[in-house]
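Read off the chains here:
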Amino acid sequence: MTTPQVTEPPVIAHGGGVWSVKVPIPDNPLGCTLVHLLDTDDGPVLIDTGWDDPASWSTLTAGLGLCGVAVEDVRGVVITHHHPDHHGLSAQVREASGAWIAMHEADASVVRRTRANPPERWYGYLAAKLTAAGAPAEHVAPLLGARDASRLPGLDPALPDRGIAPGELLDLPGRRLRAVWTPGHTPGHVCLHLEEAHPAGLRGTGRLFSGDHLLPGITPHIGLYEDPDDDTVTDPLGDYLDSLERVGRLDPAEVLPAHQHAFTDAPARVRELLAHHEERLTGLLALLCEPLTPWDLAARMEWNRPWAEIPYGSRTIAVSEAEAHVRRLVKLGRAEAVAGSDPVTYVAV
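These numbers come from a predicted model, not from an experiment. (Residues numbered from 1 in each chain as written. Predicted model: local features only at pLDDT ≥ 70, side-chain atom pairs only at ≥ 80, totals over all residues. Heavy atoms only, no water.)

Here we take up the packing of helix H7 (residues 236–250) against helix H10 (residues 312–331). Packing of H7 against H10 brings their axes to within 7 Å, and their N-to-C directions diverge by 80°. With respect to H10, the element H7 is oriented roughly perpendicular. Judged by residue contacts, Pro-236, Leu-237, Gly-238 and Leu-241 of H7 engage Ala-324, His-325 and Arg-328 from H10. Broken down by class, the residue content of the contact of H7 with H10 amounts to four nonpolar, two polar and one charged. (Axes fitted to C-alpha atoms, helices over the stretch in contact; angles between N-to-C directions. Helix = DSSP H or I, 4+ residues; strand = E, 2+ residues; numbered from the N terminus. Parallel < 35°, antiparallel > 145°, perpendicular 65-115°, else oblique. Contact = heavy atoms within 4.5 Å. Nonpolar A, V, L, I, M, F, W, Y, C, P; charged D, E, K, R; others polar.)

Rendered as structure tokens:
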């Protein structure tokens, strides 16, 4: 006897004029982005759009249809952050419907830089950053080759029509959706607090569309998003930890994230994430009993698989995360760069 395969529905009705559509991310272990649909007195509004891919577009439009909405009906798109699994289909939604696109200025700035600079400049900048972080020549070589050959086109993400200011109550007739600036995962990441009673009467203050900031079973990547023309040293992990505490204090009745599934008890999840990063920082301090580069640290840190099994692109992301954590230790006065080291090494103090 064959056991029937259970297929999860592509659309989830959360009640109170809120739905989510599971839009696939090609060749990605995350599986899908939960694109949220919010009904307003002026028509439907999307929170994020999903990856720019024909199959993703088909899933989004079909999912909207199951909610009784045509993509042409969409009046606006609110972007939690600029990553392509959230912002990728925004231009296509706007082209089909005339919808406005809103984004925090810090991420809009990243979008403008991405559009303004040729791909070879980004490859060269990334190669230089990895070299300075201690990456071996064989890891940097493919980036230099791509830079010199310009084999891949540059990204062309949609420019937003509107900004999102921290604390702003968005102009959505019939709804109370407030922007909560939560930098860390990206510099302009925003959560969106629906300041309305939960439709099922759950205890708490409304519902929170959390993007990638607060996920039920994943720790979001905290890396570096810097301007090649600006030498400011940022502290994205510090920003993220501060943002976590801000969201925890909201104590929403339910969290509607962009990946995995809806969940309750946001303060408990915040405490777990704060403890995770404190444990990671403590582990790094133990490693920094000797001078190490960010690459050295990444190779010694605990990931979801051994370093030897981590693929090329994920190693680049891991080095960025290691450097973000080291910067936090430096900001706290618990580590410092070794003077004159090239590539730069750090040591505990």
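Between its first and last C-alpha, H7 extends 21 Å over 15 residues, near the 21 Å set by a 1.5 Å rise per residue. Along H7, the positions that sit buried rather than exposed are Pro-236, Leu-237, Gly-238, Tyr-240, Leu-241, Ser-243, Leu-244, Val-247 and Gly-248. Buried residues along H7 sit against strand E8 (177–181), strand E9 (190–194), strand E10 (207–211), helix H8 (266–287) and H10. (Expected span 1.5 Å × (residues − 1). Buried < 20%, exposed > 50% of the residue type's maximum accessible area, 1.4 Å probe, protein only.)

Their axes nearest at 10 Å, the elements H8 and H10 cross at an angle of 80°. Judged on the interaxial angle alone, H10 and H8 are roughly perpendicular. From H8, His-277, Arg-280, Leu-281, Leu-284 and Leu-285 reach across to H10, where they touch His-325, Val-326, Arg-328 and Leu-329. In terms of residue class, the contact of H8 with H10 is made up of five nonpolar, two polar and two charged.

Turning next to the state of the cysteines. For the structure on display, the rule yields zero disulfides. In this model Cys-32 remains outside any disulfide bridge; the closest cysteine sulfur is found in Cys-67, 14 Å from its own. Overall, the relative accessible area of 18% leaves Cys-32 in the buried class. Here Cys-191 stays unpaired: no disulfide links it, and the sulfur of Cys-32, its closest cysteine neighbor, is 18 Å away. Classification of Cys-191 as buried rests on a relative accessible area of 0%. (Disulfide = S-S within 2.5 Å.)

By themselves, these are just geometric observations and shouldn't be taken as functional.
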